[in-house]
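Chain by chain, the residues:
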Amino acid sequence: ELKVEQNPLFLSMQEGKNYTIYCNYSTTSDRLYWYRQDPGKSLESLFVLLSNGAVKQEGRLMASLDTKARLSTLHITAAVHDLSATYFCAVGYGGATNKLIFGTGTLLAVQP
Amino acid sequence: DVKVTQSSRYLVKRTGEKVFLECVQDMDHENMFWYRQDPGLGLRLIYFSYDVKMKEKGDIPEGYSVSREKKERFSLILESASTNQTSMYLCASRGQVQETQYFGPGTRLLVL
């Protein structure tokens, strides 16, 4: 059974600090997705990682994928309040159907 | 931009009622998905469809059915609503296999 674990589940950080969210998964996959969800809103796609060693950056967020370690990271640089949200990773499985299994999410609160 | 719309943002229904949740996408995507989101459990796949009239069960299909009569529309049906189906329901669509899924705004369903 494919399992996806995120940690931490909750992260409170100060503006200007750096931190990393970790996403571990239990079976082979080379498709990893990161999403952001604001309170009461739907999910917004952040990154699509499709190969071992893939790294993508957008603003203060950088995501990477290590398929051998079955690990993806979402690194936050110099956090700002606008980054406060819940972040989900999701792993693709099922071949051509590419269904997703989601982690439980990381609630990020950036304090001024 | 991809647009995924859901028929209702909020619904209140009584136990035993038949409930229809509608989802429409405007990008000619073959694949459409229904999830439910519950605190601490992340998103869980209920059903998905990879073509008109084609459907497959996801991880938690019990108590639900779906209909896809047209490519752009995917309906989730609760044949006899129960209180444990109170949840946020999210629809998503996807084009090519490795592409990210695009989510609708969600329907928050309360079953009394």
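Whatever comes next refers back to the structure up there.
Right, let's talk about the sheet that holds strand 3 (residues 19–25) of chain A for a bit. Residues and elements named next belong to chain A. Pairing within the open sheet is antiparallel, and its five strands lie in the order 1-3-8-7-6. A strand with exactly one partner marks an edge of an open sheet, and here the two such strands are strand 1 (4–7) and strand 6 (55–58). The sheet shows a mean angle of 15° between the axes of neighbouring strands, taken without regard to direction. Across six bridges, the pairing between strand 7 (residues 61–66) and strand 8 (residues 71–76) is antiparallel. The partner of Ala-63 across the bridge, within strand 8, is Leu-74.

Turning our attention to the state of the cysteines. Residue and element names in this part refer to chain A. With the rule as written, the count across this model stands at two disulfides over all chains. The disulfide partner of Cys-23 is Cys-89, and the gap between their sulfur atoms is 2.0 Å. Disulfide Cys-23 to Cys-89: torsion about the S-S bond roughly 80°, handedness right-handed. Taken together, the positions of Cys-23 in strand 3 and Cys-89 in strand 9 (residues 85–93) put the pair 66 residues apart, joining distant regions of the chain.

The interface is formed by 21 residues belonging to chain B together with 22 residues belonging to chain A. Carbon and sulfur atoms make up 54% of the surface buried where chain B meets chain A, a total of about 1700 Å² over both sides. Taken together, the links from chain B to chain A amount to zero salt bridges. Broken down by element, the side of chain B that touches chain A gets its largest block of residues, four residues, from strand 5 (residues 42–51) of chain B. Split by residue class, the side of chain B that touches chain A holds nine nonpolar, seven polar and five charged.

Once that is clear, we can look at the pattern of salt bridges. All names here are of chain B. Using the criterion set out here, one finds nine salt bridges over all chains in the structure. Between Arg-36 and Asp-38 there is a salt bridge whose closest N-O contact spans 2.8 Å. By relative accessible area, which is 9% here, Arg-36 ends up buried. Put simply, Lys-53 and Glu-69 hold a salt bridge, and the shortest N to O gap is 2.4 Å. With Lys-53 in the loop between strand 5 and strand 6 (54–57) and Glu-69 in strand 7 (residues 65–70), this residue pair connects regions lying 16 residues apart in the sequence. The exposed category is assigned to Lys-53, whose relative accessible area is 56%. Overall, the relative accessible area of 52% leaves Glu-69 in the exposed class.

Each value, and the rule that gives it
- Residues numbered from 1 in each chain as written.
- Chains lettered and ligands numbered in written order.
- Predicted model: local features only at pLDDT ≥ 70, side-chain atom pairs only at ≥ 80, totals over all residues.
- Heavy atoms only, no water.
- Pairing = 2+ DSSP bridges.
- Helix = DSSP H or I, 4+ residues; strand = E, 2+ residues; numbered from the N terminus.
- Axes fitted to C-alpha atoms, helices over the stretch in contact; angles between N-to-C directions.
- Disulfide = S-S within 2.5 Å.
- Contact = heavy atoms within 4.5 Å.
- Buried area = accessible area lost by both parts, 1.4 Å probe.
- Salt bridge = Lys/Arg side-chain N within 4 Å of Asp/Glu carboxyl O.
- Nonpolar A, V, L, I, M, F, W, Y, C, P; charged D, E, K, R; others polar.
- Buried < 20%, exposed > 50% of the residue type's maximum accessible area, 1.4 Å probe, protein only.

Just distances and angles here, no functional claims.
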